[in-house]
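Okay, here's what each chain looks like letter by letter:
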Amino acid sequence: MGHIGRRSDLVTLYERVKDMSYNKTHRIALTALLLSGIMLCSCRKDSIITGNPGQDGLSAPDTEHPLALNPLPFSDTDEAASPGTRGEAPVTDISISSMGVFAGYREKGDFSDDTRSNDYINNSMYYLVSSTGTWQWNFPTYWPIAGRLSIFAYSPYDATLNLRDDTGYPSFRYTPLSEVRHQVDFCVAEPKLNMSKTDEAIPLHFRHTMAGILINMNYTGTLPLAEYYVKVDRIALNGLIGTKELVFLPEDPHFSWEEYTASTKTATYELKRTKDAFETQIKDVELPKKDADNTNHIHVNPDGGALYLLPQTTDAATISVTYGYYQANGTGETMMMRFESTSELPAATWEAGKYTKYKMTLDIGHASILRITVEEGGTMIEPYITAQETAEDHKVE
């Protein structure tokens, strides 16, 4: 399976689809399709119907009844699971702006393990038009004339996502991007089973599937000169599981992560500090010197948020930190010395929808990591549709 949620791909795809209805070439092509009586193309992967309407046991679409969806904030759907603390905004965007949708058709009876999950809709994109605040499909999509649909959705949309098994509850392999700035807060919606035709938008309650990793740091020791200060240039998490298989479930939490037999704990995820505020994955800040109670660690993930990695138990993971002594000059700063240290991460369980926070102290006198503590279980901010809050509103302490 290709990588999911590349930011550049999503932006490009969104702009192309957004302008589609105003594109002369598209209008000509669409007119030709209508004149030829072909409303759907069964040979396309992203066709809204993958079989043949009226054949293969599928109903033809009812063009008087468009299929509408309504993505909802998870915190509005389950009070007990709503966030108790606010987290920083995810790496890309805290709002849901696109989703991929699968739907299986049954003429009679309920969805079961022998029902195809994508014979009516196969990874079609449903996206938010920011200029109007309305949602629309990349292809016209309607309810079937007869029968019922079972709907499965994820966010953000990925054109390359393929189901591992299209019979029964959908499943697919997922690999977080190693380039951290393109990672996404990947979410799936609770399946909507055995839905009959309606003029109302179908509510979709989304759940976080990833674990959010936060890193806080300070240092101890004496700098060679009073004018020097410490900045972190690179952080790498090593020895992690990089691929798993996600399976939709009918019961809470409505998905599970299954081990992928070919996946080993060899993945590395790297954060680097750059001069570009948008591109950087580490805050461009001076580390504080450890106070008496060792409570003044600062959050080094940028205001863009956390690492979004697969839930797992980290019993053999390590962290590598590259940092330097810097000195201000007339035009900026100069790196005077550079050091690198690697240490084992304390064993922890990274849970879906929760943050794991690591606090560590650099021992600059010995170029080592003196101490790492871990805090598990901080609840992620839940996804929602309209976001007016600033990054400060989502600050992680």
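Criteria and thresholds
Residues numbered from 1 in each chain as written. Predicted model: local features only at pLDDT ≥ 70, side-chain atom pairs only at ≥ 80, totals over all residues. Heavy atoms only, no water. Pairing = 2+ DSSP bridges. Helix = DSSP H or I, 4+ residues; strand = E, 2+ residues; numbered from the N terminus. Axes fitted to C-alpha atoms, helices over the stretch in contact; angles between N-to-C directions. pLDDT = per-residue confidence, 0-100. Contact = heavy atoms within 4.5 Å.

S.K.: Go over the sheet that holds strand β13 (residues 229–241), please, and point to the residues and values.
M.R.: Consider a sheet: its strands pair through backbone hydrogen bonds, and that pairing is either parallel or antiparallel. Ordered by their spatial adjacency, 4 strands build an open sheet running β16-β13-β20-β21, and the pairing between neighbours is antiparallel. Single-partner strands in this sheet number two, and they are β16 (265–272) and β21 (333–344). Averaged over all pairs of adjacent strands, the angle between their axes in this sheet comes to 15 degrees, without regard to strand direction. Two strands pair when backbone bridges link them, and β13 and strand β20 (residues 318–328) are joined in this way by 9 bridges, in the antiparallel orientation. Looking at β20, one finds that Ile235 is bridged to Val321.

S.K.: Quick one: what's the story with the confidence of the model for the chain, residue by residue and with numbers?
M.R.: Looking at the chain as a whole, its pLDDT mean stands at 78, while 73% of the residues score no less than 70. Low confidence marks residues 1–55, where pLDDT is under 50. Its contacts with residues over four positions away, or in another chain, come to 99 contacts. Low pLDDT, under 50, characterises residues 75–94; the stretch is placed with 59 contacts to residues that sit more than four places away or in other chains.

S.K.: Now, about the sheet that holds strand β14 (residues 244–248): what can you tell me, with residues and values included?
M.R.: Across the sheet, which stays open at both edges, the 3 strands sit in the order β8-β14-β15 with antiparallel pairing between neighbours. Each having just a single partner strand, β8 (171–174) and β15 (255–259) make up the two edges of the open sheet. In this sheet, neighbouring strand axes are inclined to one another by 30 degrees on average, regardless of whether the strands run parallel or antiparallel. Pairing between β14 and β15: 5 bridges, direction antiparallel. The partner of Glu245 across the bridge, within β15, is Glu258.

S.K.: Talk me through the pairing of β21; I want residue IDs and the actual numbers.
M.R.: Of the pairings in the sheet, the one linking β20 to β21 comprises 11 bridges and is antiparallel in character. Across the sheet, Tyr325 pairs through a bridge with Met337, a residue of β21. The hairpin turn running from β20 into β21, its antiparallel successor, is 4 residues long.

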